[in-house]
Amino acid sequence: MVPTGEITMNIGTATSEENPTHSYLGSRGIWITYVLILLITHFMLLTIPFFSVAVAWTLTNVVHCVITYFMLHVTKGTPWGTPEQGKARTQTQWEQIDFGQQFTPTKKFLTVVPVAIFFLASFYTKYDTTHFCINLIALGFSVIPKLPQLHGVRIFNINKW
Amino acid sequence: MSMVETIYMPSENDFRGKTKKFNGVQNGGKISNGCHKKTKQVDEETEKAWEKDFCETFEETPMLAAISTYIGYLILVAVGHVREFLKSIGIGVVKCVAEPKIPGFVPLYQTWESFYSWYVYRRIQDCFCRPVSGVPGAKMVVIDRESNDHRWSFQYTGGHSTVLNFGSYNYLGFSQNSGPCAEEVEQTIKNYGVSVCGSRQELGYLDLHKQMDRLVADYLGVEDAYTVPMGFATNSMNIPSLVGKGCLILSDELNHASLILGCRLSGAKIKTFKHNCMKDLEKNLREAIVDKQPRTHRPWKKILIVVEGVYSMEGSIVKLPEVLRLKKKYKAYLYLDEAHSIGAIGPHGKGVVDYFGLNPRDVDIMMGTFTKSFGAVGGYIGGSQALVNHLRLYSHSAIYSSSMAPGVAQQIVSSMNIMLGRDGTREGEKRIQQLKWNTRYFRRRLQEMGFILYGNKDSPVVPLLMFMPSKIAKFSRESLNRGMGVVVVGFPATPMTKCRARFCLSASHTKEMLDEALQITSDIGDLLAIKYSKAEPPSYSENDVPLVEDS
């Protein structure tokens, strides 16, 4: 049978970083890629004939929120075994970025993107009430977990271990 | 009298247009040849003389390649998630050992931690950890294997491939099982046996070890040396006996895991500085001396700067003259790890100190390994007599580990005698010059072809950047099919956009072998479109390296 994880993958040996999660979201070109993927998703949603422009924008916002929430605030630890023996196992990816420092450029960028999408979605849905409520809830889920006061906080012990 | 004079200093690579203006009469009005001379400026010029010959490039990742890399990883992760989902609902076939779910027990492992290994690494697993038989010299014999179940497991086909070996650290070509070294080793094993079975402080100190220590000290040009039977342990077991709590270690951010482990075991405070960045090192030194220890603000007991000679992943050489200048200015100590540079660089093959023409007595602790250049195992630490006396008494490896096996010690003695020229031939010189020639030639030709290479023009480790994970897999497989064996490295062992293939050159590679390798690399490069470089063609060449002819 196949051995798993750290023995075979050589993370943290030789001259590599112990846990690349800290820094990969700040590496060259990843912000552009992020915006590009968002645009492509949005255009794909726009091409579906039964969605009006408003629905497409709200859907983009909601899909973006769900995926980023799951990736950044629900998944904990790393998808590879690190030689630092699981220090980051109880930390979500957001808490691992830049070793937990606040207000770094990566974190600022990732906070601004949902807000920008919210503004654009509100504009294109012509401030319709239903759409506004949905977009606001999506924005809430995107931005509130990123606040520095909520670093390491687990409400009702959900997702603690 | 006021006079403004501008001096232009052209440098080798490009005209940087550095201008120096000074007014008035300097230095008591010393005038010679009609121009004002400032002695401080002359010092600066001679000190920066090493910079003129120092040529290191780390070309930036092209944006399109970076974006494609991220999208590639995204697709791999998405497919992995789909397979994980299928496995969880029972449809998917994933041949991995999963922990049984016992009710009432907390799980031992997090399945998420195996995600990357199962769904990304496993797909290209045949490129890593290939079984090799025989001596890994200039050519090696790779045992063929194939996989019927998408690389979860491998079976041997029964065939062997003899390929050019660019994956082993064999800088001087001592990885041979015939020749003067091998004969002497055989004789030594007959005399002394296979192992020593005792630690240095307890009957494990043979006359052979004494001879080896003396020879290493002579080779390096230091007062005395101390050897350890394992290269990794030379760092991890000896740094704790040199620094402790209350000391500060300034280590380069790309230091090897053995150095990092040794620094952590010592209990000292560790600060990293940007790779090979002397401004950052100086800033850290100044801050450390001014701020002192974190809470108590007592001065540091010792400040130790830990750097490597040649960094094997990047191919860069440390800016040693600058480090020594800073060390002397701020009264810190220097620990130089020459694992990849001893024997490989320098006009006499004596490492990075020799490369820059500096005095080995300036470096406080010179550490190195015998694994890469001398075809043996183990490491050494060289320095002043007081340092080595201390290590012989207090090092963990002197007390707890057995000392070096006699056969290995004899290999080191024989190879070092050859390198020093004490066997009467010019073999050592020939090997050093051949390695230098190979390095320059290989690097020049690859850069002319348009590949992005990292590192110094003189470093025998050549990282060739490919950026995308699928490309490194294809490169590895294609080159094995065409007769060349290289090591490829990807994320997460390297930064996400910097997947690379790494060539390790050797003095045992002939020009024909290099030409064959270059042809293979060029063909695969055209196939994969990895000739990304937009830099100018290199200005260095192999023609200023004289080769020693066979007499």
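What counts and what doesn't
Residues numbered from 1 in each chain as written. Chains lettered and ligands numbered in written order. Predicted model: local features only at pLDDT ≥ 70, side-chain atom pairs only at ≥ 80, totals over all residues. Heavy atoms only, no water. Buried < 20%, exposed > 50% of the residue type's maximum accessible area, 1.4 Å probe, protein only. Helix = DSSP H or I, 4+ residues; strand = E, 2+ residues; numbered from the N terminus. Contact = heavy atoms within 4.5 Å. Pairing = 2+ DSSP bridges. Axes fitted to C-alpha atoms, helices over the stretch in contact; angles between N-to-C directions. pLDDT = per-residue confidence, 0-100. UniProt positions renumbered as here; feature names shortened; annotations may be inferred. Core = buried A, V, L, I, M, F, W, Y, C linked by side-chain atoms within 4.5 Å. Phe/Tyr/Trp six-rings, centres within 6.5 Å; stacked < 30°, edge-to-face > 60°. Lys NZ or Arg CZ within 6 Å of the ring centre and 35° of its normal. Salt bridge = Lys/Arg side-chain N within 4 Å of Asp/Glu carboxyl O. Expected span 1.5 Å × (residues − 1).

S.K.: Describe in detail helix α8 (residues 257–266) of chain B, supporting the description with residues and values.
M.R.: Residue and element names in this part refer to chain B. Taken residue by residue, α8 has A257, S258, L259, G262, C263 and S266 as its buried positions. Where α8 is buried, its residues contact α7 (231–238), β10 (248–252), β11 (269–273), β12 (303–308) and β15 (333–337). Phi turns positive one or two residues past the end of α8, at G267, with a value near 90°.

S.K.: Break down the sheet that holds β15(B) for me, with residues and values.
M.R.: Residues and elements named next belong to chain B. Strand order in this open sheet of 7 strands is β9-β17-β16-β15-β12-β10-β11, and the pairing throughout is mixed. Two strands in the sheet have a free side with no partner beyond their single neighbour: β9 (224–228) and β11. Direction aside, neighbouring strands of the sheet carry axes that sit 20° apart on average. Bridge count for β12 against β15 is 5 bridges, and the pairing is parallel.

S.K.: Give me the lowdown on unusual backbone geometry, citing residues and values where you can.
M.R.: Residue and element names in this part refer to chain B. With a phi close to 60°, C197 is a non-glycine residue in the positive phi region. Position of C197 relative to the elements: it lies in the loop between α5 (180–192) and α6 (207–220). Not every positive phi belongs to a glycine, and K331 is a case in point at roughly 60°. Along the chain, the position of K331 falls in the loop between α10 (320–330) and β15.

S.K.: Account for the confidence of the model for chain A, with residues named and values stated.
M.R.: Here chain A averages 86 in pLDDT, and 89% of its residues register 70 or above. Here residues 1–7 of chain A is a poorly scored stretch, pLDDT under 50, and it has 12 contacts once near neighbours within four places are set aside; other chains count.

S.K.: Can you tell me about the UniProt feature "transmembrane region" (unreviewed entry) in chain A, naming the residues and giving the values?
M.R.: Residues and elements named next belong to chain A. The sites that carry the UniProt feature "transmembrane region" (unreviewed entry) are, in the present numbering, residues 29–48, 54–72 and 109–127. Here residues 29–48 runs as 90% helix and 0% strand, with 29 Å between its end C-alpha atoms. Taken end to end, residues 109–127 is 84% helix and 0% strand, and its first and last C-alpha atoms sit 25 Å apart.

S.K.: Could you give an account of the confidence of the model for chain B, naming the residues involved and the relevant values?
M.R.: Residue and element names in this part refer to chain B. On average, residues of chain B score 87 in pLDDT, and 91% of them reach the 70 mark or higher. Put simply, strand β1 (residues 5–8) is where chain B has its lowest mean pLDDT, 39, and β15 is where it has its highest, 96. Counting contacts from residues 1–40, a segment whose pLDDT is below 50, to residues more than four positions away or on other chains yields 49 contacts.

S.K.: Tell me about the sheet that holds strand β19 (residues 461–465) of chain B, residues and numbers included.
M.R.: Residues and elements named next belong to chain B. Spatially, the 3 strands line up as an open sheet ordered β19-β22-β21, and their pairing is antiparallel. Looking at strand neighbours, the two that pair on one side only are β19 and β21 (487–489), the edges of this open sheet. Going across the sheet, the axis of each strand differs from the next one's by a mean of 30°, ignoring polarity. Along the sheet, helix α15 (residues 427–449) contacts β19 and β22 (500–504); its crossing angle with β19, the most-contacted strand, is approximately 10°.

S.K.: Go over the UniProt feature "domain: Aminotransferase class I/classII large" (unreviewed entry) in chain B, please, and point to the residues and values.
M.R.: Following the UniProt record, the feature "domain: Aminotransferase class I/classII large" (unreviewed entry) maps to residues 162–519 of chain B here. Counted over residues 162–519 of chain B, helix gives 42% and strand 17%. Its end C-alpha atoms are 17 Å apart.

S.K.: Would you mind going over the pairing of β12(B) in detail, with residue names and values included?
M.R.: Residue and element names in this part refer to chain B. Judged by how many residues are buried, β12 sits mostly within the fold: 6 of 6 residues are covered. Across the two faces of β12 the burial is the same, with I303, I305 and V307 and L304, V306 and E308 all buried. Judged from the 4 bridges that link them, β10 and β12 form a sheet pairing that is parallel. Along β12, the bridge assignment pairs L248 with I303.

S.K.: Go over the nonpolar core, please, and point to the residues and values.
M.R.: In this structure, B:L281, B:L285, B:I305, B:L320 and B:F370 are the most contacted members of the largest nonpolar core, which totals 63 residues. With 7 residues, α6(B) is the single largest residue contributor to this core. Once you skip the residues sitting within four places of it in the chain, B:L285 turns out to touch B:L250, B:I303, B:I305, B:L326, B:Y330 and B:A332. If you look at the next biggest cluster of nonpolar residues, it comprises 62 residues, including A:I97, B:C127, B:Y441 and B:L446.

S.K.: Provide a residue-level description of the packing of aromatic side chains, including the pertinent values.
M.R.: Overall, the coordinates contain 31 aromatic pairs over all chains when judged by the stated rule. Both rings, one in A:W80 and one in B:Y116, keep their centres 5.2 Å apart while their planes meet at 90°; by these two values the pair is edge-to-face. Taken together, the positions of A:W80 in the loop between α3 (53–74) and α4 (93–96) and B:Y116 in helix α4 (residues 115–121) put the pair across two chains. In terms of burial, A:W80 and B:Y116 fall into one category: buried. Here the aromatic rings of B:F467 and B:Y532 are separated by 5.2 Å at their centres, their planes lie at 65°, and the arrangement is edge-to-face. Taken together, the positions of B:F467 in the loop between β19 and α16 (469–482) and B:Y532 in the segment after α17 (511–528) put the pair 65 residues apart, joining distant regions of the chain. By way of ring pairs, the aromatic residues A:W80, B:Y73, B:Y116 and B:F491 are connected into one cluster. One cation-aromatic arrangement involves B:K350 over B:Y219; the distance from NZ or CZ to the ring centre is 5.7 Å. The ring of B:F174 has B:R431 sitting right over it, with the charged end atom 4.3 Å from the ring centre.

S.K.: Can you lay out the pattern of salt bridges for me, pointing to particular residues and giving the numbers?
M.R.: Residues and elements named next belong to chain B. Scanning the entire structure with this criterion turns up 29 salt bridges over all chains. The partner of D364 in a salt bridge is K327, and the shortest N-O contact between them spans 3.1 Å. Placement of the pair is D364 in the loop between α11 (352–356) and β16 (365–369) and K327 in helix α10, with a sequence separation of 37 residues. Overall, K327 belongs to the buried group, its relative accessible area being 8%. Here R482 and D523 are joined by a salt bridge, their closest N and O atoms 3.8 Å apart. Here the residue R482 occupies a position in helix α16, and D523 occupies one in helix α17, the gap between them amounting to 41 residues. For R482, a relative accessible area of 36% gives the class partly exposed.

S.K.: Outline α16(B), supporting the account with residue identities and numerical values.
M.R.: Between its first and last C-alpha, α16(B) extends 20 Å over 14 residues, near the 20 Å set by a 1.5 Å rise per residue. A positive backbone phi angle near 105° is found at B:G483, which sits one or two residues after α16(B).

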